[in-house]
Amino acid sequence: MLNCYNVVLTSSRRFTEENTTFVTKYLLDFHAQNDSSIYPLKLYENDQITSNISPDFINLLKNTYPSLEITDEKAFYYIVGLLSSNVYFEKYKEQMRQDFPHVVLVKDAQTFEKVAELGKKLVDEMAGFDELELPPTFSIETNIEKIPDAKIQMIYDENTKTLYLNKDKTLWIKGIDKDVWEFKQGNFDVIRNWIVSRKGLVFDAEMKHSFAVVCYAIKRYLELRKELDKVLEGKI
């Protein structure tokens with residue numbers, strides 16, 4: 001059996017109003033989000049492990065940025081960082097109505113290096129989000145012991161960062177930032193769907209921790225995207 005760490009970049013050709021770029025260590029179904037295309041870092045075939053990064057692309061990077069050490073992994077991290085940024089998405093979203101994302105090169109080696117560095121952080125934190133350690137300053141509080149069986153009516157109060165799971169507002173989860181609550185992966189409402197998919201389950205300590213990790217992972221993902229936007233502004 002082949003045993004090798006691998007990560008997958010996925011992005012949808014079908015246009016949405018949201019950036020669909022996502023990184024995972026799991027092999028996704030084609031319909032995971034808007035009929036996604038899947039781009040693994042490595043390929044497994046006939047008991048052999050090979051890179052999925054084109055040698056021609058590596059040569060192009062080496063010629064474009066001769067002062068840098070270019071590896072397949074760094075090229076992959078650059079692509080992840082580039083496609084994850086809102087700067088890229090806003091500039092090319094009209095083309096992506098009908099075509100796959102295209103990799104464009106930034107204007108200088110320093111920017112390339114920074115995008116690859118942030119792309120690596122995205123890979124490390126998003127592909128391994130279930131292993132993220134929550135910082136002491138991050139906390140989620142709730143009075144919920146069991147997620148309701150009946151239809152869940154979610155109400156979000158941005159002033160108190162509280163999500164209520166019923167119209168009487170007697171079941172609540174506190175500590176959810178507005179941008180985390182509103183976050184979508186493609187057309188997928190992450191927090192809403194996480195809760196709905198667990199209807200009727202006991203909201204025990206383990207599940208509460210898992211929910212907090214999801215919220216923190218989204219928070220970190222949004223922070224890293226903002227950093228990428230600052231780096232890429234005016235560079236592509």
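Scroll up to find the structure.
Our subject in this report is the structure included herewith. (Residues numbered from 1 in each chain as written. Predicted model: local features only at pLDDT ≥ 70, side-chain atom pairs only at ≥ 80, totals over all residues. Heavy atoms only, no water.)

Along the chain, the regular secondary structure elements total seven helices and eleven strands. Judged by the C-alpha coordinates and their principal axes, the chain covers about 60 × 45 × 40 Å. Out of the 236 residues belonging to the chain, those deemed buried represent 45%. A sequence separation of at least 24 residues applies to 68% of the contacts in the chain between residues at least 6 apart. For the chain, the accessible surface area stands at approximately 13200 Å², while carbon and sulfur atoms represent 49% of it. Once the 31 positive and 37 negative side-chain charges of the chain are each reduced to a mean point, those two points are 5 Å apart. (Helix = DSSP H or I, 4+ residues; strand = E, 2+ residues; numbered from the N terminus. Buried < 20%, exposed > 50% of the residue type's maximum accessible area, 1.4 Å probe, protein only. Contact = heavy atoms within 4.5 Å. Areas by Shrake-Rupley, 256 points an atom, 1.4 Å probe, with all protein chains shown as cover. Lys, Arg positive; Asp, Glu negative; His and termini not counted. Charge placed at Lys NZ, Arg CZ, Asp CG, Glu CD.)

A word on the layout of surface pockets. What the second largest pocket holds in volume is close to 290 Å³. In terms of lining residues, the second largest pocket is bounded by Leu9, Tyr39, Pro40, Asn52, Ile53, Ser54, Phe57, Phe76, Ile79, Leu83, Pro101 and Val103. Here the element with the most residues in the lining of the second largest pocket is helix H2 (residues 72–84); it accounts for three residues. Classifying every residue of the lining of the second largest pocket gives ten nonpolar, two polar and no charged. (1 Å grid on protein atoms, 1.4 Å probe; cavity = no way out; pocket = protein on both sides within 12 Å on 5 of 7 lines; lining within 4 Å. Points joined across faces, edges and corners; volume = space filled by probe spheres on them. Nonpolar A, V, L, I, M, F, W, Y, C, P; charged D, E, K, R; others polar.)

Moving on to the sheet that holds strand E3 (residues 36–40). With antiparallel pairing, the three strands of this open sheet are ordered in space as E2-E1-E3. A single partner strand is all that each edge strand has here, and the edge strands are strand E2 (22–24) and E3. On average, each strand axis in the sheet is inclined to that of its neighbour by 25°, with strand direction left out of account. With five bridges connecting them, strand E1 (residues 8–12) and E3 associate as antiparallel partners. Bridging across to E3, Val8 finds its partner in Pro40. Lying over the sheet, H2 contacts E1, E2 and E3, oriented at roughly 30° with respect to E1. (Pairing = 2+ DSSP bridges. Axes fitted to C-alpha atoms, helices over the stretch in contact; angles between N-to-C directions.)

Here we take up the sheet that holds strand E8 (residues 162–164). Paired through their backbone hydrogen bonds, the strands of a sheet run either parallel or antiparallel. Across the sheet, which stays open at both edges, the four strands sit in the order E6-E9-E8-E7 with antiparallel pairing between neighbours. Looking at strand neighbours, the two that pair on one side only are strand E6 (141–142) and strand E7 (155–157), the edges of this open sheet. Judged from the two bridges that link them, E6 and strand E9 (residues 172–174) form a sheet pairing that is antiparallel. For Glu141, the partnering residue across the bridge sits in E9 and is Lys174.

The next subject is the pattern of salt bridges. With the rule as written, the count across this model stands at 13 salt bridges. A salt bridge links Glu90 to Lys93, with the shortest nitrogen-to-oxygen separation between them at 3.2 Å. In this structure Lys93 comes out as buried when scored by relative accessible area, which is 18%. Between Lys114 and Glu117 there is a salt bridge, with its nearest N and O atoms 3.4 Å apart. Pair noted here: Lys114 and Glu117 are both in helix H4 (residues 109–127), with a separation of three residues, about one helical turn. You can call Glu117 partly exposed: its relative accessible area is 38%. Linked by salt bridges that have partners in common, Glu125, Lys161, Asp177, Lys219, Arg220 and Glu223 make up one network. (Salt bridge = Lys/Arg side-chain N within 4 Å of Asp/Glu carboxyl O.)

Moving on: the side chain of Thr162. Assignment of secondary structure puts Thr162 in strand E8. Using a relative accessible area of 1% as the deciding quantity, one classes Thr162 as buried. Of note is the side chain of Thr162, whose polar atom sits 3.0 Å from the side chain of Thr160. (Polar contact = N/O pair within 3.5 Å; in protein donor to acceptor, adjacent residues only side chain to side chain.)

With 19 residues, H4 should cover 27 Å at 1.5 Å per step; its first-to-last C-alpha distance of 26 Å lies within 8% of that length. For H4, the complete set of buried residues consists of Thr111, Phe112, Val115, Ala116, Leu118, Gly119, Leu122, Val123, Glu125, Met126 and Ala127. (Expected span 1.5 Å × (residues − 1).)

Attention shifts here to the pairing of strand E4 (residues 42–45). Relative to strand E5 (residues 48–51), E4 is paired through four bridges, and the arrangement is antiparallel. Opposite Lys42, over in E5, you have Ser51 as the bridge partner. The turn joining E4 and E5, which pair antiparallel and follow one another in sequence, is formed by two residues; a positive phi near 50° is taken by Asn46.

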